[in-house]
Amino acid sequence: MHPGEVITRLALTAAVLAVIAVSPVVWVAAPVALVAIAATAELAVRPYADDPAGRLLLACGAVVTGLILAGLALNLLPEGLTRLTWALAWLAISVAVLIWRRHSATDLSWLRNLGRSGRALALGAWMVAAVVILAGAVVLAQAGVRNWDRRPDLAFSVVSRTPRAVVVQIQATSTTRRYQIVATRQGQAAGHYTSPFFTVAAGGSGIQLDKQVPLGASGQWIIDLQADGTTVRKLQVVMGRAQ
Amino acid sequence: MSASLTDRSRLTGHQPPGAALSPWAGPVIVLVALGVLGQAWLGEVARATGSLPAPLWYLTLGLIYVPSAALIMSSRLGDRGRVWFTLYMALALLATRFVLYPDQFAYHDELINYRVLLSILSHHHLFTPNSLLPDTADYPGMQVATAGLHQLTGLSPHLSGIAVLFAVRVVMTLAIVKIIERITGSVPAGCLAAAIYATNPQYVFFNSQFSYQSAALPLAFFAVYVVSVRCEPGRWLSIVPGAAVVLAVAASHHLTSLALVIVLWVWYLATRVTRRPVPRLLPLAVVSVLIVAAWTWMARAVIVPYISEIANNNLSTIIHLATGGASHAFFSDAAGDKNPLWEEAVSLLSVLLIVCTLVPSLLLAVIKYRRLSAAALVLFAIAAIYPAVPAGHLASVTAEISDRAAGFVFVGLGFIVAAWWLRDAPFHRHAPTSRFTLGRRPWVIVTGLTVCFVGGAVLSGPGWIYGPGRYLVSADNRSVDQLSLQAAYWEGRYLTPDGRTYSDRVNGSLASVYGNQDVLTPLADHIQQGAVSNLLLSPDRAPDQSLACSIRLRYLIADQRLSTSLPHLGIYVDNGEFQYGARTSPPTPSTLTKFDDAPDAQRLFDNGAIRVYDLKDMPCTPAK
């Protein structure tokens, strides 16, 4: 193997370790790691493949199999499957493959022939068009989900409590309305709490409001979220017992 | 090339390797991409209007499959291009799943397996119990690969799962192409077999899901391919790669690993019949038995009850069927949703087409078995199982297992149809070619493939299962909506983790995956579904308190929308639930909200559809 190739491959191995250590944005980390994994897998299976398709098959199969077996092995360590142990496993495997295949030089001469044929160039243009369309499909799909998530909803919940109060949460999306919280103690001596009116103005990305509701007495309380005098959501809590 | 898979008689190739580049290649590349774009657009339309327009769904899917199949069968395309187009088609079909659900796994099996992945990421160790389906924790192969990719690349767990699915789709497609190519000596036969494989009912839908079988099946094909890869003869170490892949399969899926062992042994026995030994096959078959047996032994606590339950259900259904008792509505789900008539017609036609091809092909194999290699005999034997796939649909319980078998059967089917289509000699030795074979025009096979592809997709499940749309009751992906996810995320943020929780099938899965709750199931907790489901589905309130106490239930999640229809999958919670098999109307709204009146039950969450009750303060009184 040419020294330049050895250095490149070692740099790729180190790059994966670096992205694991530094954790840059995923669009930097993922391509670097995927290229490094692909390059190592291709080198490992190279002598066994008859053609590029066979090489791709063996490389993909080897990567999936290798990840599964590496994971099973890492599970035997006390630390288990952490980022650090995966990084060490990657280091061990990639260096082992490099030593194992040290006599197998990469032939990149096919790159020189790329684009020399008119038909290949034409096909390249179709492929670029296809990539643009596929990217459009991904964007469209994600936009559809975002619109879906913007449908109106309203959730009312208890999120924390103290011995004499609870904090209720209002989660709303695409909703604008004035609300009031009314708490009523059930049975025995009645208790009551009425909050001031407040406006929930939730856009498509939703909002979250926390409100404290004082419930001084023990027993079961009903907490209503009311709009225009009508209960739209209802909670019930039991106060005065160890939580 | 190894001779291990090679047949004596080679099929005719259309072109020498790498010869030609069809002028249609470019337009087909773009058409396939447009098919994926069409699916993405349909996903948006379905979310906006409430339902996925079935004809357009099949049309856009056909935009991917039909031009690709036509190009693969074209004599103007070189062998190398044929292989790449086969792969492109396979990946584009997989991509349709992710443009319909780009941001999350939405299907029941996906949620179950995603739970295993999240457990690995949070606990850093394997085999953490998964109450949704206990055996998945003991077969974590796919999730381990996903976790590794997630840790190494920084991709989200969901995107890492998609990356693994694409990798195994590459493995599956190319393994089929290469295995059939090695048996027949023909690249077109390999590509045609892969195109035929894509017509199996599991291909577009089930085997594209983030589920343990989706990885195990391609790896099983890969194990067979690895046996055929050349290596230095006589070295015992040469079985190590094959054994490694078998171990990966054993760690991924129980029935697939068992099927792989059976295939290896049947293959070995076939080599004894043909008297053409395959190097390394016997040692690998022996090692495979040891690996699969050892893994099954380790997982015996969960796998034995799971497989026993499946076997019992299927056996009792078959007996019931044989005695004329079973009934199953074809092309209709449990809530009464029916497939359109044209879909029924196409699916029946596809079954008819396959049977019409299968019967004479098997006869041919019997007549000419001396000319066939051992691998070809095995594939013929696998193809012969095909009638069990449509026959399994006679009952709903057996339909599931027979559909799963399609993942194996269609490899054999792909081989025999490809061998029949591309063989130069008369199809039947006693008959003139013209009377027993169709004219081998590409449009004939492309039309047949299109019918089988659409028919296979119809057979894979009810129409609503293919993509998003308005909420449906107990309908897997169509029940996972904004409201159920909102509740699950809230549970994960504010409820005590691992609280013993009971809910319906969909909200229970979401509570486990996103809510970090310990959801009670019969398989994991040995609860009696019939009794416990009373908490949700029975209007009788009397036994609720003692029942909740007896199973130490902390949270109950009630979705009032269950009262709006019968369950589309036939169950609200699980088999054996209250009124299982006898229900004619949904539970009333007051049944689902009865814990509003239970003493000291707390209602902690309400989003209009879903209510979460905390039962820890409820007094334990004995049932009267």
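Residues numbered from 1 in each chain as written. Chains lettered and ligands numbered in written order. Predicted model: local features only at pLDDT ≥ 70, side-chain atom pairs only at ≥ 80, totals over all residues.

**Describing the overall build of chain B**
What counts, and what does not: Helix numbers and strand numbers start at the N terminus; a helix is a DSSP run of H or I with at least 4 residues, a strand a run of E with at least 2. The size measure is the radius of gyration over C-alpha atoms, and the globule rule it meets is 2.2 Å times the number of residues to the 0.38 power. Burial in this document is a count-based property: other C-beta atoms within 10 Å of a residue's C-beta are tallied, and the residue is buried at 20 or more, exposed at 12 or fewer, or partly exposed in between, with C-beta positions derived from the backbone.
Counting secondary structure elements, chain B contains 26 helices and 5 strands. For chain B, whose C-alpha radius of gyration is 26 Å, the value lies close to the compact-globule estimate of 25 Å for 624 residues. Looking at chain B as a whole, 58% of its 624 residues qualify as buried.

**Side note on the packing of helix H3 (residues 52–74) of chain A against helix H7 (residues 157–184) of chain B**
Quick note on the threshold: The axes used here are C-alpha line fits, helices contributing only the stretch in contact, and every angle between their N-to-C directions lies in the interval 0 to 180 degrees. Here roughly perpendicular refers to angles of 65 to 115 degrees, roughly parallel to angles under 35, roughly antiparallel to angles over 145, and oblique to all remaining angles. For a crossing to be left-handed, the near helix must be turned anticlockwise from the far one by less than a right angle; the clockwise case is right-handed. By the convention adopted here, residues are in contact when the distance between their C-beta atoms, placed from the backbone, does not exceed 7 Å. Gly is put with the polar residues, along with every residue not named as nonpolar or charged; the nonpolar set is Ala, Val, Leu, Ile, Met, Phe, Trp, Tyr, Cys and Pro, and the charged set is Asp, Glu, Lys and Arg.
Orientation of H3(A) relative to H7(B), taken along the N-to-C sense of each, is 135°, at an axis distance of 9 Å. When the axes of H3(A) and H7(B) are compared, the pair comes out oblique. Where H3(A) crosses over H7(B), the two elements pack in a sense that is left-handed. Facing A:Ala53, A:Gly54, A:Leu56, A:Leu57, A:Cys60, A:Gly61, A:Val63 and A:Val64 of H3(A), the residues of H7(B) in contact are B:Val164, B:Ala167, B:Val168, B:Val170, B:Val171, B:Leu174, B:Ala175 and B:Lys178. When the residues that make up the contact of H3(A) with H7(B) are grouped by side-chain class, the tally is 13 nonpolar, 2 polar and 1 charged.

**Re the nonpolar core**
Operational definition: Residues enter a nonpolar core if they are buried, belong to Ala, Val, Leu, Ile, Met, Phe, Trp, Tyr or Cys, and are joined to the set through C-beta atoms within 7 Å.
Core analysis: the biggest nonpolar cluster contains 266 residues, and A:Val64, B:Val171, B:Ile176, B:Leu192, B:Leu219 and B:Ala418 have the highest contact counts within it. Beyond its immediate stretch of four places on either side in the chain, B:Val171 contacts A:Leu57, A:Cys60, A:Gly61, A:Val64, B:Pro218, B:Leu219 and B:Phe222.

**Quick word on helix H11 (residues 254–274) of chain B**
All names here are of chain B. To be explicit about the condition: Multiplying 1.5 Å by the helix residue count minus one yields the expected span of that helix.
Taking 1.5 Å of rise per residue, 21 residues should cover 30 Å, and H11 covers 30 Å from first to last C-alpha, within 8% of that figure. Among the residues of H11, those classed as buried are His254, Thr256, Ser257, Ala259, Leu260, Val261, Val263, Leu264, Trp267, Ala270 and Thr271. The positive-phi residue at the C-terminal boundary of H11 is Arg275, with phi of around 60°.

**Topic: the interface of chain B and chain A**
Cut-off, in case you're wondering: Any two strands with at least two DSSP-identified bridges between them are counted as paired.
Each partner contributes residues to the interface: chain B has 67 residues there, and chain A has 73 residues. For the side of chain B that touches chain A, the secondary-structure elements that each account for two or more residues are helix H1 (25–49), helix H3 (79–100), helix H6 (141–153), H7, helix H9 (212–228), helix H10 (240–250), helix H20 (482–494) and strand S4 (602–606) of chain B. If one sorts the elements of the side of chain B that touches chain A by residue count, H1(B) sits on top with 14 residues. A class-by-class count of the residues in the side of chain B that touches chain A yields 45 nonpolar, 14 polar and 8 charged. Two strands pair when backbone bridges link them, and strand S1 (residues 153–162) of chain A and S4(B) are joined in this way by 2 bridges, in the antiparallel orientation.

**Some words on helix H2 (residues 54–72) of chain B**
All names here are of chain B. Put simply, the test is: Throughout, the bend at a residue refers to the angle made by two axes, fitted to the seven residues ending there and to the seven starting there.
Taking 1.5 Å as the rise per residue, H2 with 19 residues should run 27 Å; its terminal C-alpha atoms sit 26 Å apart, in good agreement. When the local axis directions of H2 are compared, the greatest deviation, roughly 35°, occurs at Gly62. In terms of burial, H2 is a largely internal element, 14 of the 19 residues being buried.

**Re the pairing of strand S2 (residues 165–173) of chain A**
Every regular strand shows the same layout, with side chains that alternate between the two sheet faces. All names here are of chain A. Here S1 runs beside S2; their pairing, made up of 9 bridges, is antiparallel. Bridge pairing links Ser160 to Val167 in S2. Connecting the antiparallel pair S1 and S2 is a turn made up of 2 residues.

**Some thoughts on unusual backbone geometry**
Residue and element names in this part refer to chain B. Despite not being glycine, Arg275 has its phi angle at roughly 60°, a positive value. Counting through the fold element by element, Arg275 comes out in the loop between H11 and helix H12 (281–298). Within the chain, Arg280 stands out as a residue other than glycine whose phi angle is a positive 70°. Summarising the element assignment, Arg280 is placed in the loop between H11 and H12. Looking at Arg280, the number of C-beta atoms within 10 Å reads 25, which means it is buried.

**Considering the packing of helix H1 (residues 3–22) of chain A against helix H2 (residues 26–45) of chain A**
Residue and element names in this part refer to chain A. In contact at an axis separation of 9 Å, H1 and H2 are set at 140° when each is read in the N-to-C sense. By the criterion of interaxial angle, the relationship of H1 to H2 is oblique. In the packing of H1 onto H2, the handedness of the crossing is left-handed. Counting all contacts with H1, which are made through Arg9, Leu12, Thr13, Ala15, Val16 and Val19, the residues of H2 involved are Ala29, Val32, Ala33, Val35, Ala36 and Ala39. Here the residues of the contact of H1 with H2 sort into 10 nonpolar, 1 polar and 1 charged.

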